[in-house]
Amino acid sequence: MATLLSSPTFATGDAMRRREFIAALAGLALCPVTTRAQQPSRKIPRIGWLVPSPRAEQDNLEEYRRGMQELGYAEGRTVETKYLYAEGEPGRLDKLAATLVTENVDIIVTFSTPGCLAAKRATTIIPIVFAASSDPLSTGIVTSLGHPGGNITGLSVMATDLSAKRLELLQMVVPSIHNIAVLWDSSNPGMALRVRETKLAAEQLNVAFLDSGASDLNGLEASFTALSKQRPEALLVTAEPFTRLHRDRILDFTMKNRIPTIYEDGGFVRAGGLISYGPNIPSLFHSAAGYVDKILKGAKPADLPVEQPTKFLLIINVKTAKALNLEIPPTLLARADEVIE
């Protein structure tokens with residue numbers, strides 16, 4: 001009797017243990033699936049753009065984005081980009097650069113001497129790429145063009161080497177020049193070097209030089225007042241965030257006062273200015289994408305040489321020349337890369 005009563009007891013225990021064993025095996029089988037589902041997705045690189053110029057000026061940034069697309073990057077899927085704008089106000093750059101560092105972006109991209117210096121002050125660790133800088137060597141942005149050192153590299157516009165050429169072009173349009181003024185951002189150390197080069201070039205051509213620097217709107221209006229009294233026979237306007245911010249004011253002033261003006265940025269001529277000569281700035285921004293790509297793939301900024309432009313664009317607005325009663329020499333028109341009728 002005892003045997004008959006105990007047999008069902010052992011059978012029931014075996015069944016319970018068997019069910020527990022099967023459940024344990026099932027749990028083990030499910031564990032890898034659960035673990036894979038909880039793994040975080042791969043982090044995509046984040047690029048921080050420190051933009052010194054106005055938000056409305058997007059052509060150059062569009063060239064950078066086009067360069068990234070051509071290299072296979074898809075915004076939001078394989079790369080993320082954050083844009084911070086100083087709106088042409090250099091005093092905002094340090095705070096914006098610090099924000100990008102705080103947000104731990106993988107690379108900071110910027111342009112202009114103030115933008116480069118602000119980024120360099122903000123970090124010695126995060127790689128920095130400058131899409132365009134007036135003279136990165138003399139301003140201390142890099143220690144060498146061939147071997148930049150540190151965490152920063154990019155593209156130079158070789159601006160100081162072009163000053164004499166711009167004055168020669170002006171003399172071809174206005175042969176009777178006896179004096180020239182330079183309108184520039186006096187707070188920009190990169191522009192200070194350029195103005196110095198322009199002054200030396202003017203002296204070599206026996207042309208009087210007028211320095212007309214400004215760093216804010218009040219200073220710009222004061223420069224306009226002074227230039228109206230001095231009546232320079234020609235004017236050079238530098239290419240930088242400050243002058244781009246006030247492009248319409250500058251163009252309006254030069255036309256109302258009938259001052260033949262040469263610009264470093266072709267955008268001024270397309271908007272109604274007379275003549276420009278300088279590197280193809282949009283192409284530099286396009287090339288900056290290449291630097292970003294190399295750094296994301298493991299290259300160090302210190303080992304990437306600073307690139308210098310080899311192509312310079314001459315753009316002439318014939319309509320503006322006629323409004324100023326100027327005749328552009330046919331030989332100069334033949335040399336132009338772009339003629340606006």
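What you see is a predicted model; the values in this text were computed from it and never measured.

Engineer: Sorry, what's going on with the packing of aromatic side chains here?
Structural biologist: Each pair of aromatic rings is reported with the distance of its centres and the angle of its planes. The final tally for this structure, using the stated rule, is 8 aromatic pairs. Here Trp49 and Tyr64 contribute two aromatic rings whose centre-to-centre distance is 5.1 Å and whose plane-to-plane angle is 75°, an arrangement assigned as edge-to-face. In this pair, Trp49 is assigned in strand 1 (residues 46–51) and Tyr64 in helix 2 (residues 59–70), connecting sequence segments 15 residues apart. Tyr64 carries the same exposure label as Trp49, and that label is buried. With a centroid separation of 4.9 Å and an interplanar angle of 15°, the aromatic rings of Tyr263 and Phe268 are classed as stacked. The class for Tyr263 is buried, based on a relative accessible area of 1%. Within the aromatic cluster, the residues linked to one another by ring pairs are Trp49, Tyr64, Phe111 and Phe285.

Engineer: How do you make sense of the sheet that holds strand 6 (residues 179–185) when you look at a structure like this?
Structural biologist: Sheets are built from strands paired through backbone hydrogen bonds, the pairs being either parallel or antiparallel. Ordered in space as 7-6-8-9-10-11-12, the 7 strands form an open sheet in which the pairing is mixed. Where the open sheet ends on each side, the last strands, each with one partner, are strand 7 (208–214) and strand 12 (338–340). Neighbour-to-neighbour, the strand axes of the sheet open up by a mean angle of 20°, direction not taken into account. Pairing analysis gives 5 bridges linking strand 10 (residues 275–279) to strand 11 (residues 312–317), with the strands arranged antiparallel. Counted as the bridge partner of Tyr277 is Leu314 from strand 11. Across the sheet, helix 9 (residues 247–256) lies against strand 6, strand 8 (235–237) and strand 9 (261–263), angled at about 155° from strand 9, the strand it touches most.

Engineer: It is not clear to me how the nonpolar core should be interpreted in this structure. Could you clarify?
Structural biologist: When a protein is soluble and globular, its nonpolar side chains tend to lie buried together. Counting 32 residues, the largest nonpolar core has Val173, Ile180, Ile275, Leu314 and Leu332 as its most contacted members. Every element with two or more residues in this core is listed here: helix 5 (163–173), strand 6, helix 6 (189–204), strand 10 and strand 11. Once you skip the residues sitting within four places of it in the chain, Leu332 turns out to touch Leu169, Met172, Val173, Ile275, Leu314 and Ile316. Counting 26 residues, the second largest nonpolar core, distinct from the first, contains Ile47, Leu61, Val109 and Phe285.

Engineer: Explain the environment of Lys95 to me, please; I cannot follow it from the model alone.
Structural biologist: When you line up the elements, Lys95 lands in helix 3 (residues 93–102). For the pair Lys95 and Ala118, spaced 23 residues apart in sequence, the C-alpha separation works out to 8.6 Å.

Engineer: Explain the environment of Ile328 here, please?
Structural biologist: In this fold, Ile328 is placed in the loop between helix 12 (318–323) and helix 13 (330–335). Judged by its relative accessible area of 9%, Ile328 is buried. Leave out the neighbours within four places in its chain, and Ile328 touches Val173, Ile316, Ala321 and Leu333.

Engineer: Explanation requested: the pattern of salt bridges in the structure shown.
Structural biologist: A side chain of one charge can pair with a side chain of the opposite charge when the charged atoms of the two come close. In the structure shown here, the tally under the stated rule is 16 salt bridges. Here Arg46 and Glu103 are joined by a salt bridge, their closest N and O atoms 3.6 Å apart. One end of the pair, Arg46, is in strand 1; the other, Glu103, is in the loop between helix 3 and strand 3 (107–110), with 57 residues separating them in the sequence. Since its relative accessible area comes to 23%, Arg46 is described here as partly exposed. A salt bridge links Glu338 to Arg270, with the shortest nitrogen-to-oxygen separation between them at 3.0 Å. Taken as a pair, Glu338 in strand 12 and Arg270 in helix 10 (residues 266–270) lie far apart in primary sequence, 68 residues in all.

Engineer: Help me understand unusual backbone geometry in this model?
Structural biologist: Generally, phi is negative for residues other than glycine and the peptide bonds are trans, each holding for most cases. Its identity as a non-glycine residue notwithstanding, Glu87 has a phi of 55°, on the positive side. Locating Glu87 in the fold gives a position in the loop between strand 2 (80–85) and helix 3. Classification of Glu87 by relative accessible area gives partly exposed; the value is 22%. The backbone of Asn206 shows a phi angle near 60°, a positive value even though the residue is not glycine. Mapped onto the secondary structure, Asn206 falls in the loop between helix 6 and strand 7. The class for Asn206 is exposed, based on a relative accessible area of 69%.

Engineer: In this structure, what is going on with the sheet that holds strand 2? I would like to understand it.
Structural biologist: What the 5 strands build is an open sheet, ordered 2-1-3-4-5; its pairing is parallel. The sheet terminates laterally at strand 2 and strand 5 (152–156), the two strands that pair on one side only. On average, each strand axis in the sheet is inclined to that of its neighbour by 20°, with strand direction left out of account. As paired elements, strand 4 (residues 128–133) and strand 5 share 4 bridges and run parallel to each other. The residue bridging Ser133 from the neighbouring strand is Ser156, located in strand 5. Packed on one face of the sheet, helix 3 meets strand 1, strand 2 and strand 3 and runs near 175° to strand 1. Lying on the sheet, helix 11 (residues 281–296) is in contact with strand 1, strand 3, strand 4 and strand 5; it crosses strand 4 at an angle near 165°.

About the cut-offs
- Residues numbered from 1 in each chain as written.
- Predicted model: local features only at pLDDT ≥ 70, side-chain atom pairs only at ≥ 80, totals over all residues.
- Heavy atoms only, no water.
- Phe/Tyr/Trp six-rings, centres within 6.5 Å; stacked < 30°, edge-to-face > 60°.
- Helix = DSSP H or I, 4+ residues; strand = E, 2+ residues; numbered from the N terminus.
- Buried < 20%, exposed > 50% of the residue type's maximum accessible area, 1.4 Å probe, protein only.
- Pairing = 2+ DSSP bridges.
- Axes fitted to C-alpha atoms, helices over the stretch in contact; angles between N-to-C directions.
- Contact = heavy atoms within 4.5 Å.
- Core = buried A, V, L, I, M, F, W, Y, C linked by side-chain atoms within 4.5 Å.
- Salt bridge = Lys/Arg side-chain N within 4 Å of Asp/Glu carboxyl O.

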